[in-house]
Amino acid sequence: MGNPADLVIDFVNTYDVESDADSIPTPAALAAWLGGRGLIRPGEVADETDLATAAGLREGLRAALRHDRDRPGGENDHEPGAGLPRAFPALPLRVALTADGPVLEPVVTGALGGLAEIAAAVMSTHACGMWPRLKVCAESTCQWAFVDSSKNRSRSWCSMRVCGNRTKTRAYRARRQTEPGSRHL
């Protein structure tokens, strides 16, 4: 499956909040996306229910990553299941013993099985301690998911150059407008 954190980030970013662009807007697109990552076998299809489950999972994960960032003190020490989507019950997993140790694997095949692989990746990301580094951009118009590679896990924006600059410029302008004697342009 590759890096589970990368899978989670890639999945959350299939919807670009800023441009309102969804790269999996149809069941066929969902099947293609899952197939392109080896999460379903060639020829397997998705239906509207699978698409709705995928959208719920994706936005639930985005909310969980946003919630983690918004915790008091910036800490990401919540319970493993807190804030995760209601889509999880539709994605049955079981524990399997492998040469590398126990892993979660889908109970079903097809699109739901592929989505269950993403749910398993969430749990793997949490188990290896990587979950606290997964975040969504603090810029409300962006919400792009990223891995915080900073040493102290303090990164707030997907890009300081773009989103960080937007946020800081907006805050600066707001402060300037409320200062006594400032000129309103």
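Residues numbered from 1 in each chain as written. Predicted model: local features only at pLDDT ≥ 70, side-chain atom pairs only at ≥ 80, totals over all residues. Heavy atoms only, no water.

Quick look at a nonpolar patch on the surface
1) Next: A contiguous nonpolar patch, built from Val95, Leu97 and Leu104 and spanning about 320 Å² of accessible area, is present on the exposed surface.
2) Next: Within the fold, Val95 resides in strand β3 (residues 93-98).
3) Next: The exposed category is assigned to Val95, whose relative accessible area is 60%. (Patch = residues over 30% accessible without salt bridge, like charges linked within 9 Å, V, L, I, M, F, W, Y side chains within 5 Å. Areas by Shrake-Rupley, 256 points an atom, 1.4 Å probe, with all protein chains shown as cover. Salt bridge = Lys/Arg side-chain N within 4 Å of Asp/Glu carboxyl O. Helix = DSSP H or I, 4+ residues; strand = E, 2+ residues; numbered from the N terminus. Buried < 20%, exposed > 50% of the residue type's maximum accessible area, 1.4 Å probe, protein only.)

Some points on the side chain of Glu139
1) Next: When you line up the elements, Glu139 lands in the loop between β5 (134-136) and β6 (145-147).
2) Next: Of the polar contacts made by the side chain of Glu139, one reaches the side chain of Thr141; its length is 3.1 Å. (Polar contact = N/O pair within 3.5 Å; in protein donor to acceptor, adjacent residues only side chain to side chain.)

Things to note about the packing of aromatic side chains
1) Next: This structure, assessed with the given rule, holds 1 aromatic pair.
2) Next: Here the aromatic rings of Phe11 and Trp33 are separated by 5.5 Å at their centres, their planes lie at 55°, and the arrangement is tilted. With Phe11 in helix α1 (residues 4-12) and Trp33 in helix α2 (residues 27-36), this pair connects stretches of sequence that are 22 residues apart.
3) Next: A residue is classified by how much of its surface remains accessible, and Phe11, at 0% relative accessible area, is buried.
4) Next: Relative accessible area serves as the criterion here: at 8%, Trp33 is assigned to the buried category. (Phe/Tyr/Trp six-rings, centres within 6.5 Å; stacked < 30°, edge-to-face > 60°.)

Some remarks on the nonpolar core
1) Next: Within the largest apolar cluster, 33 residues are counted, with the highest numbers of intra-cluster contacts made by Phe11, Leu34, Leu61, Leu115 and Ile118.
2) Next: Contributing elements (two or more residues each) for this core: α1, α2, α3 (48-70), α4 (110-127) and β5.
3) Next: Setting aside residues no more than four positions away along its own chain, Phe11 makes contact with Ile24, Trp33, Ala54, Leu57, Arg58, Leu61, Leu115 and Ile118. (Core = buried A, V, L, I, M, F, W, Y, C linked by side-chain atoms within 4.5 Å. Contact = heavy atoms within 4.5 Å.)

Describing the packing of α2 against α4
1) Next: Two elements in contact, α2 and α4, have axes separated by 10 Å at closest approach and are oriented at 55°. In terms of axis orientation, α2 runs oblique to α4. In the crossing of α2 with α4, the sense of the turn from one axis to the other is left-handed. Between α2, through Leu30, Trp33 and Leu34, and α4, the contact on the second element is made entirely by Ala111, Gly114, Leu115 and Ile118.
2) Next: Looking at the contact of α2 with α4 residue by residue, the classes come out as 6 nonpolar, 1 polar and no charged. (Axes fitted to C-alpha atoms, helices over the stretch in contact; angles between N-to-C directions. Parallel < 35°, antiparallel > 145°, perpendicular 65-115°, else oblique. Left-handed = near helix turned anticlockwise from the far one by under 90°. Nonpolar A, V, L, I, M, F, W, Y, C, P; charged D, E, K, R; others polar.)

A few points about the pairing of β3
1) Next: For β3 and strand β4 (residues 101-106), the ladder comprises 6 bridges, and the chain directions are antiparallel. Bridge pairing in β4 places Ala96 opposite Val103.
2) Next: In this structure, the hairpin formed by β3 and β4 is closed by a connection of 2 residues. (Pairing = 2+ DSSP bridges.)

Focus: unusual backbone geometry
1) Next: Phi is positive for Asp20, which is not a glycine, with a value near 55°.
2) Next: Among the secondary structure elements, Asp20 is positioned in the loop between β1 (15-16) and β2 (21-22).
3) Next: The backbone phi angle of Gln143 is positive, close to 60°, even though this residue is not glycine.
4) Next: You can see Gln143 is positioned in the loop between β5 and β6.

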